[in-house]
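So the chains spell out like this:
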Amino acid sequence: MRIDVLSIFPSYFDGLALSLLGKAQDAGILDLRVRDLREWTSDRHRTVDDTPYGGGAGMVMKPEPWGLALDEVTEGSERPTVIFPSPAGELFTQATARELSAREHLVFGCGRYEGIDERVFEYAATLGDVRLISLGDYVLNGGEVATMAMIEAIGRLIPGVVGNPESLVEESHEDGLLEYPSYTKPSVWREREVPAVLLSGNHGAIASWRREQQIERTRRRRPDLLPPEAGDHPHS
Ligand code: 6GU
């Protein structure tokens, strides 16, 4: 998979050279190209923003550098998916990560939260499939941290990136539930014991216990992920 990132803070992405995604790049599974949006400016101050038409607080990213950058990174690409991280976008979920992990070419356009000139999104739709995607209902200062999170979630689903594919399915959200608790040695630590069932060697009992833990955790922490409980809505 090829991923292009357009940002005025390219050094945010230095961390993606570490760990699993760094290895995937060394192995040629992931081709990650981070580019400074200011490469596509031509004035002395390398200006990427300007005041908003109609007035208001903050600055808006001007369209010209975005147009040139998008032209260059999508050139020769069949139909890339162009993602703009935005708190006004659709919610990013594990299903989104799964879907995007099957794409040949992703482009992330990192804006500042005051926004990018709206015509950039329209133009990008002539080059590829455009998605505005949000990490959740809170506001970040720009798209960089959101892009990092999405690249990590998507990247680990690319075949060959995670060494043991079984570890992919035992995670939170893969089966719609939160993950079960994990323990390792020692069996007693600071007076706290590992649940006896995990030491029993009874694989059926262990599987049942883990599933119960997943359901109970999800009910307590994320009831929104579960179907409505019978008896939750009495009629009278
Ligand atoms: Cl994707 N971008 C920004 N700027 N803020 C966010 C976000 C994205 N998701 C949640 N907050």
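Residues numbered from 1 in each chain as written. Predicted model: local features only at pLDDT ≥ 70, side-chain atom pairs only at ≥ 80, totals over all residues. Heavy atoms only, no water.

Digging into the sheet that holds strand E5 (residues 81–91)
One open sheet accounts for five strands, arranged E2-E1-E6-E5-E7; its pairing is parallel. Only two strands of the sheet have a single partner each, and these edge strands are strand E2 (31–36) and strand E7 (129–134). When the angles between neighbouring strand axes are averaged without regard to direction, this sheet yields 25°. By the bridge criterion, three bridges tie E5 to strand E6 (residues 105–109) in an arrangement that is parallel. (Pairing = 2+ DSSP bridges. Helix = DSSP H or I, 4+ residues; strand = E, 2+ residues; numbered from the N terminus. Axes fitted to C-alpha atoms, helices over the stretch in contact; angles between N-to-C directions.)

What about the packing of aromatic side chains?
Using the criterion set out here, one finds three aromatic pairs in the structure. Centre to centre, the rings of Phe-9 and Tyr-12 are 6.1 Å apart; their planes meet at 70°, and the pair counts as edge-to-face. Measuring from centroid to centroid gives 4.8 Å for Phe-84 and Phe-121, while their planes differ by 80°, and the two rings are edge-to-face. Residue Phe-84 is located in strand E5, and its partner Phe-121 is located in helix H4 (residues 119–124); the two are separated by 37 residues in the primary sequence. With respect to burial, Phe-84 and Phe-121 carry one shared label: buried. Put simply, the rings of Trp-66, Phe-84 and Phe-121 pair up and form one aromatic cluster. (Phe/Tyr/Trp six-rings, centres within 6.5 Å; stacked < 30°, edge-to-face > 60°. Buried < 20%, exposed > 50% of the residue type's maximum accessible area, 1.4 Å probe, protein only.)

Focus: a nonpolar patch on the surface
A cluster of nonpolar residues, Phe-9, Tyr-12, Tyr-138, Leu-140 and Val-145, forms a patch on the protein surface that exposes about 470 Å² of accessible area. In this structure, Val-145 sits in helix H5 (residues 144–155). Relative accessible area serves as the criterion here: at 43%, Val-145 is assigned to the partly exposed category. (Patch = residues over 30% accessible without salt bridge, like charges linked within 9 Å, V, L, I, M, F, W, Y side chains within 5 Å. Areas by Shrake-Rupley, 256 points an atom, 1.4 Å probe, with all protein chains shown as cover. Salt bridge = Lys/Arg side-chain N within 4 Å of Asp/Glu carboxyl O.)

Here we look at the environment of Trp-189
By secondary structure assignment, the location of Trp-189 is in strand E8 (residues 188–189). Look at Trp-189 and you get partly exposed, because its relative accessible area is 48%. Along the sequence, Trp-189 and Pro-223 sit 34 residues apart, while their C-alpha atoms lie 31 Å from each other.

Side note on the site of the ligand
Within the structure, the ligand sits among Pro-85, Ser-86, Pro-87, Ile-133, Ser-134, Leu-135, Gly-136, Tyr-138, Val-139, Leu-140, Gly-142 and Ala-146. Between the ligand and Leu-135 there is a distance of 2.9 Å, counted from a nitrogen atom to a backbone nitrogen or oxygen. Between the ligand and Tyr-138 there is a distance of 2.5 Å, counted from a nitrogen atom to a backbone nitrogen or oxygen. In isolation the ligand offers 290 Å² of accessible surface; the protein chains occlude 99% of this area. Counting residues per element, the ones that place at least two in the shell around the ligand are E5 and E7. Looking at the shell around the ligand, the element that brings in the most residues is E5, giving three residues. (Near = heavy atom within 4 Å. Polar contact = N/O pair within 3.5 Å; in protein donor to acceptor, adjacent residues only side chain to side chain.)

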